[in-house]
Structure formats: structure tokens, C-alpha cells
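Chains, contacts and geometry: an overview
Letter by letter, the chains look like this.
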Amino acid sequence: MKHVLVLNGPNLGRLGRRQPEIYGTTTHDQLGELCRQWGEEIGLVVELRQTNHEGEMLDWLNEAADDATPVVLNAAAWTHYSWAVFDACAQLVAPLVEVHISDPSQRPEEFRHTSVVTPYAARVIAGQGIDGYRQALESIAALTAQD
Ligand code: DQA
């Protein structure tokens, strides 16, 4: 079974309580359980992590680079300005899929309209709600099918 890291950035630990009209009512713990189930159905061992600390996210991305682990990344607000996340994504060797629960490109704030992750992403899934994570895991399974 292939190990996949699902990495969530700042404020996503508050899923379910944070702006439910935008991000829905599923909590982060429930998302973890769903990701594990979705992964299991398609032969993936999914580990979901969340941090509000950029350095911790960078450590996890560096670990994924060293171990050639595929990554599903929702870098949340860092998506839009973190050159450190950009540099960390550049090192990844296994497939990277970018996920956003909302569709940042359709939101009114101009700052959300660019992503430092997209240049390194095999696929970008945005605006699909929590189901976007399931779609991302399916993409990882398809992208790593030959490995
Ligand atoms: C987000 C979109 C980002 O613009 C925002 O900063 C987030 C969450 C999403 O999942 O829709 O925190 O990545």
C-alpha cells in the first residue's frame, strides 16, 4: 500500500467551525477519517496532518521530498504568498496534487488569485468542497499506478 501525505495549512484545523458557509461543516478530524477510508478503498495509506506553523509545513514537505512520498497539499493562505512553500514544493519528486475546498480564483479577494503551489502540481482541485480531497487521492492513485 502506498503512503500518501495530506498536508493542511493554517486555520484548516478549524474546519467545521470556520466560515461553514465557505468551508462546510465537516471537522478536521472527520476529514481525517474520510481520507483514510477513501485511501483504503483505492490502496493508499493516508496520513493527514495540519499545522498553523509554516516551518513545520516546510519540514513535512522536505520529509516528503526525501522519502519520495506523494503529497496532497492545501497550503491555505500560504498558497498565496509563501515563497518558502514554493521552494519546498519544487523539491518534491513524487506527484503533488493541490487542493482547495473553496475556489480561490472565484473569491473576491485579489490576493487569492495566485498560487505558489500550482507550478509544481500535477493537478489542481478547487471548489469541490471536502470531496476535493477524495478526488485528489484518486489522482494520486492514478499518477502512481505504475510505481
Ligand atoms: C483555501 C483557500 C485559501 O484562499 C484560504 O486562505 C484558505 C483555504 C481553501 O481550501 O479553499 O485558508 O485553501
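This one's a predicted model, so the numbers in the text were calculated from it and none came from an experiment.

Cut-offs and rules
Residues numbered from 1 in each chain as written. Predicted model: local features only at pLDDT ≥ 70, side-chain atom pairs only at ≥ 80, totals over all residues. Heavy atoms only, no water. Disulfide = S-S within 2.5 Å. Buried < 20%, exposed > 50% of the residue type's maximum accessible area, 1.4 Å probe, protein only. UniProt positions renumbered as here; feature names shortened; annotations may be inferred. Helix = DSSP H or I, 4+ residues; strand = E, 2+ residues; numbered from the N terminus. Contact = heavy atoms within 4.5 Å. Pairing = 2+ DSSP bridges. Axes fitted to C-alpha atoms, helices over the stretch in contact; angles between N-to-C directions.

1. Some thoughts on the state of the cysteines
Counting across every chain of the model gives zero disulfides. Here Cys35 stays free of any disulfide, with the sulfur of Cys89 as its closest cysteine sulfur at 18 Å. When its relative accessible area of 1% is taken as the criterion, Cys35 is described as buried. Exposure remark for Cys89: the relative accessible area of 3% places this residue in the buried category.

2. Observations concerning the UniProt feature "binding site: substrate" (unreviewed entry) in the protein chain
Following the UniProt record, the feature "binding site: substrate" (unreviewed entry) maps to Asn74, His80, Asp87, Ile101, Ser102 and Arg112 here. Taken along the chain, the residues just named run across 39 residues; in space they spread out, the farthest C-alpha pair reaching 24.1 Å. Tracing the backbone shows Asn74 in strand β3 (residues 71–74). Looking at Asn74, the relative accessible area reads 3%, which means it is buried. Beyond its immediate sequence surroundings of up to four residues, Asn74 is in contact with Leu7, Asn8, Gly9, Leu12, Val99, His100, Ile101 and Tyr133.

3. Points about the sheet that holds strand β4 (residues 96–100)
Within a sheet, each strand pairs with its neighbour through backbone hydrogen bonds, oriented either parallel or antiparallel. Taken in spatial order, the five strands line up as β2-β1-β3-β4-β5 in an open sheet, and their pairing is parallel. Looking at which strands have only one partner, the edges of the open sheet turn out to be β2 (44–50) and β5 (123–126). Adjacent strand axes in the sheet meet at a mean angle of 20° when their direction is disregarded. Taken together, the three bridges between β3 and β4 define a ladder with parallel strand orientation. Bridge pairing in β4 places Leu73 opposite Glu98. Each of β1 (2–8), β2 and β3 is contacted by helix α3 (residues 54–67), which is oriented at about 160° to β1, the strand it contacts most.

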